[in-house]
Amino acid sequence: MSEAISVHQLQTRQPSHVTVATASLIGTAIEWYDFFLYGTAAALIFNKLFFPTFDPMMGTLLAFATYALGFIARPLGGVVFGHYGDKIGRKTMLYLTLLIMGAATAAIGFLPTYETAGIWAAILLVACRLIQGFGLGGEWGGAVLMAVEHAPADKKGFYGSWPQLGAPLGLVLGTLVFSVVSAMLTDAQLYSWGWRIPFLFSIALVLVGLWIRFTIAESPEFQKVKDTKQEVKMPILEAIRMYPKNILLAMGARFAENGFFYIYATFVLAYATQSLGMNKQDMLNGVLIGAAIETFTIPAFGALSDKVGRRPVYIFGAVFSALMSFPLFMLLATKNPQYAWIAIVLGLAIGHAAMYGPQASFLSELFGTKVRYSGVSLGYNLASIFAGALSPLIATGLMTAYAPATWPISLYMIALAIITIVSVYFATETRKIVQS
């Protein structure tokens, strides 16, 4: 009996907003580790393991195509988990998304390669990637809402940025594990069995994440909706009916943030190693450094948005990212690892962080509590199809078509930034808005 009581108390006690934000951060970091690990592998080795009958660049293009499929499944995950998150609760959905993502990532570690299974290897890889995308589609909305809805009214930007740290931390962890495995093994060992280790490592991380999420309570804002029996029957339809403009603006706001991130985190690896002949480990180190520094700048920009507003900080990030589109390739063209690191650090730690820091609070505050999980998940994940999913694919296609010229890729990056600047400009400043 005493054990049952202690578990019940653990589940129902009201933790501080710091505890909830920390739990959201750790769980989200594990999910992003799983998701980004695939991107690193797609940029560096999946072309040889699953598409060896094509030339290296075409194999990379196909690997990025399977990478993009994960984004296509995300809106479906957002709709499903958003629906039940607005009806049952945020916390329960976060258990499920972590389990789904972890199972799919571990399964990749057990897959046969083209050498043993032929085309079925690629088909199984695509299936796992789709499941990953489905899980992540429901993860982000629940994690950020737990942090934002627990946070004090004047610090929602700061605490909302904590689960956002999961992206760079997941990227750091995924890149670090991949770097360590790559450095400790010969190329023959890496391509034979070593590449599986980072994917199987996800099993241990998921177990840790599930325990941490067990210790936090439901969002107080959603609990108030439940207690007063104000849940709506079809949250996703209500979100579309009540907030059609905000869903579209949320999508547009993500184009530069999402697109630029995957250009820096995945495409640049393929471009620098295959087109410029730079060392693979040097480029992995650059991504590591940029993502590590971003773990400090994301909360800084989130806190700044509590002072000056979400829109000014977000627009600054988009403008800075556009201005970096040409210098990025100029610095990479030197083939100097330190200059490449500078380009990646500026792109991630300033341009991307200025958009990603205030994003959780900004997008969450565009929707009322009753349909917030559905609304924010829909806007966030639909943008991923057109931005994050396609940006490495489009950039690789432009590189193949116009090589050695890189200006078409830079113009594409500027176009992404313009869409975001216009969308955020026409969105409502949400810093002092309290939605019901």
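Residues numbered from 1 in each chain as written. Predicted model: local features only at pLDDT ≥ 70, side-chain atom pairs only at ≥ 80, totals over all residues. Heavy atoms only, no water.

With respect to helix α8 (residues 119-150)
Residues that lie three or four places apart on an α-helix share one face, since the helix turns once every 3.6 residues. For α8, built from 32 residues, the straight-helix expectation of 46 Å at 1.5 Å per residue is met to within 8% by its first-to-last C-alpha distance of 48 Å. Most of α8 sits inside the fold, with 23 of its 32 residues counted as buried. (Helix = DSSP H or I, 4+ residues; strand = E, 2+ residues; numbered from the N terminus. Expected span 1.5 Å × (residues − 1). Buried < 20%, exposed > 50% of the residue type's maximum accessible area, 1.4 Å probe, protein only.)

Looking at the domain arrangement of the protein chain
Here the domain parsing of the protein chain yields domain 1 (13-220) and domain 2 (232-435). The straight-line distance from the C-alpha centre of domain 1 to that of domain 2 is 18 Å. Counting residues at the interface gives 59 residues for domain 1 and 63 residues for domain 2. For the pair domain 1 and domain 2, the two sides together bury roughly 4800 Å², of which 70% comes from carbon and sulfur. At the boundary of domain 1 with domain 2, the tally comes to one salt bridge. (Domains from an automatic or database assignment. Contact = heavy atoms within 4.5 Å. Buried area = accessible area lost by both parts, 1.4 Å probe. Salt bridge = Lys/Arg side-chain N within 4 Å of Asp/Glu carboxyl O.)

Observations regarding the pattern of salt bridges
A full pass over the atoms with the stated rule returns seven salt bridges. Here Glu 149 ties to Arg 90 by a salt bridge, and the two come within 2.9 Å at their closest N and O atoms. With Glu 149 in helix α8 and Arg 90 in helix α6 (residues 90-109), this residue pair connects regions lying 59 residues apart in the sequence. Overall, Glu 149 belongs to the buried group, its relative accessible area being 2%. In this structure, the salt-bridge partner of Glu 257 is Arg 254, at a minimum N-O distance of 3.1 Å. With Glu 257 and Arg 254 both in helix α16 (residues 244-275) and three residues apart, this pair spans about one turn of that helix. Each member of the pair Glu 257 and Arg 254 is classed as buried. Members of the salt-bridge network, linked through shared partners, are Asp 86, Arg 90, Glu 149 and Arg 372.

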